Amino acid sequence: MAPVPAEYREVVPKQNTFSSWRGRLAQRAVHGAWAWVQRTGSVTAERPGRFRFGSLGTGTRLAFPLGTVFGEPWIHLGAHCIVGEQVTLTAGLMPDLDLGPDPILRIGDGVVLGRGSHVIADTTVTIGSDCYFGPYVYVTSTNHSYDDPHQPIGKQWPRMEPVEIGSGCWIGTGAVILPGARIGRNVVVAAGAVVRGEVPDHAVVAGAPAKVVRRWTPADGWQPPLRTPAPVPIPDGVTPEQLVALSDLDDATVARLAELDEDKSENENGAEGQVEEGAGTRARSLGPAAPGGGVPATRLAALDSDG
């Protein structure tokens, strides 16, 4: 009988150095210690550590471990910001420079910077409030120049242009925002996009270089039109237990509940129409309206007393 190939032989697991309970105990200890290190190492306004930011708003937290941070006297962060792990924030070309009296990097309130992102502000970078960045986004106000073909590019003096990102933007994973970019309000930057130049408000941009692929205007709405309906927010007052109960319903029950809701809305609209019709009849019985289209105060009082 031919020998069994090695890849088909039974694999005997190696004996664990720790017993089962010791391994679990060690794992819990390591995870607990790391969680403590993360909590203790995070930077807040109350516990800034060695950092001396120009401004650090209430409720803002820089997660530990931090990325590279320097020039913090010229970095202003608003309130209730979340800065993920390994996020780099720099002001100036290198540490220990005097950058003058004005802030270089301004970050508004409620901004979220995803893990591993970089914001490099050698000249002014402004990020509006309520912007959300995915992980590994790169924002820079500096780019290498290559004007001299005989000099290494890394040794040539870089170009610098201010960067502005309007409030309410969503910046996708791995996007790159180049010097001179001016992004409007409520703009979606697709993952991996490379943005330069001006982007209008309420636009969606994608690609490298990024181009507008969809835009909203008051006159035309979204063009091209959205392909999916807008999500319906969870109503106020709904409890987690109610959401769990809804998730257990089958399709037939959900459809029946939707029909009941539609019937209720139709009944309410019908009742409102009857009330408005009755009110109009009573108003006409009180005589003509006052000049200017209004009902005189005496007639309104009579209408109220009649109701």
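Look up a bit, the structure's there.
Residues numbered from 1 in each chain as written. Predicted model: local features only at pLDDT ≥ 70, side-chain atom pairs only at ≥ 80, totals over all residues. Heavy atoms only, no water.

Novice: What is the right way to read the packing of aromatic side chains from this model?
Specialist: The relation between two aromatic rings is expressed through the spacing of the ring centres and the mutual angle of the planes. Summed over the entire model, instances satisfying the criterion amount to three aromatic pairs. Ring geometry for Trp34 versus Phe64: centroids 6.3 Å apart, planes at 50°, classification tilted. Placement of Trp34 in helix H1 (residues 20–41) and of Phe64 in the loop between strand E3 (61–62) and strand E4 (69–70) is noted, with a sequence separation of 30 residues between them. The exposure class of Phe64 is partly exposed, given its relative accessible area of 26%. Ring centres of Tyr132 and Trp170 lie 6.1 Å apart, and the angle between their planes is 20°; on these two criteria the pair is classed as stacked. Residue Tyr132 is found in strand E12 (residues 132–133), and its partner Trp170 is found in strand E17 (residues 170–171); the two are separated by 38 residues along the sequence. Residue classification places Tyr132 among the partly exposed positions, given a relative accessible area of 39%. (Phe/Tyr/Trp six-rings, centres within 6.5 Å; stacked < 30°, edge-to-face > 60°. Helix = DSSP H or I, 4+ residues; strand = E, 2+ residues; numbered from the N terminus. Buried < 20%, exposed > 50% of the residue type's maximum accessible area, 1.4 Å probe, protein only.)

Novice: Which parts of the structure should I look at to understand the layout of surface pockets?
Specialist: Any empty space left between atoms is shown by rolling a water-sized probe over those atoms. Taken as a whole, the largest pocket holds about 270 Å³ of empty space. As for the largest pocket, its lining consists of Asn143, His144, Ser145, Tyr146, Asp147, Arg159, Met160, Glu161, Leu178, Pro179 and Arg196. Among the residues forming the lining of the largest pocket, the class breakdown is four nonpolar, three polar and four charged. Roughly 170 Å³ of volume is contained in the second largest pocket. Every residue along the wall of the second largest pocket is listed here: Leu93, Ile120, Asp122, Tyr138, Thr140, Thr142, Asn143, His144, Gly154, Gln156, Pro158 and Leu178. Residue assignment for the lining of the second largest pocket shows that the elements contributing at least two residues are strand E13 (138–140) and strand E14 (142–143). For the lining of the second largest pocket, a count of residues per class yields five nonpolar, six polar and one charged. (1 Å grid on protein atoms, 1.4 Å probe; cavity = no way out; pocket = protein on both sides within 12 Å on 5 of 7 lines; lining within 4 Å. Points joined across faces, edges and corners; volume = space filled by probe spheres on them. Nonpolar A, V, L, I, M, F, W, Y, C, P; charged D, E, K, R; others polar.)

Novice: Help me understand the pairing of strand E10 (residues 118–121) in this model?
Specialist: Residues in a regular strand project their side chains so that they alternate between the two faces of the sheet. Relative to E10, strand E7 (residues 88–91) runs parallel, the two being bridged by four bridges. Its bridge partner lying in E10, Thr90 is registered against Ile120. The pairing of E10 with E13 spans three bridges and is parallel. Each residue of the ladder has a partner; that of Val119, found in E13, is Val139. (Pairing = 2+ DSSP bridges.)

Novice: Honestly, the pattern of salt bridges in this entry has me stumped. Any pointers?
Specialist: When charged atoms on two side chains of opposite charge get close, those side chains can pair. All told, the structure shown has four salt bridges when counted by the stated rule. Taking the shortest distance from any N to any O, the salt bridge between Glu198 and Arg182 comes out at 3.6 Å. Here Glu198, found in strand E22 (residues 198–199), pairs with Arg182, found in strand E19 (residues 182–183); they are 16 residues apart in sequence, far enough to count as distant. Two residues, Asp201 and Arg185, come together in a salt bridge whose shortest N-O distance is 3.7 Å. Linking Asp201 in the loop between E22 and strand E23 (203–206) with Arg185 in the loop between E19 and strand E20 (188–189), this pair joins segments that are 16 residues apart in sequence. Note on Arg185: relative accessible area 40%, which makes it partly exposed. (Salt bridge = Lys/Arg side-chain N within 4 Å of Asp/Glu carboxyl O.)

Novice: What exactly am I supposed to notice about unusual backbone geometry here?
Specialist: Negative phi values dominate among residues other than glycine, just as trans dominates among peptide bonds. The omega torsion of the bond from Ala208 to Pro209 falls at 0°, within 30 degrees of zero and hence cis. Backbone torsion omega between Gln223 and Pro224 reads -10°, so that peptide bond is classified as cis. Summarising the element assignment, Pro224 is placed in the loop between strand E25 (221–223) and helix H2 (240–247). Even without glycine at this site, Tyr136 takes up a positive phi of about 60°. Here His202, not a glycine, exhibits a phi torsion of approximately 55°, which is positive. Within the fold, His202 resides in the loop between E22 and E23.

Novice: What am I meant to see in the state of the cysteines here?
Specialist: Covalent bonding between the sulfur atoms of two cysteines defines a disulfide. For the structure on display, the rule yields zero disulfides. Note on Cys81: no disulfide assigned, nearest cysteine sulfur contributed by Cys131 at a separation of 9.9 Å. Taking relative accessible area as the criterion, Cys81 reaches 1% and is therefore assigned buried. (Disulfide = S-S within 2.5 Å.)

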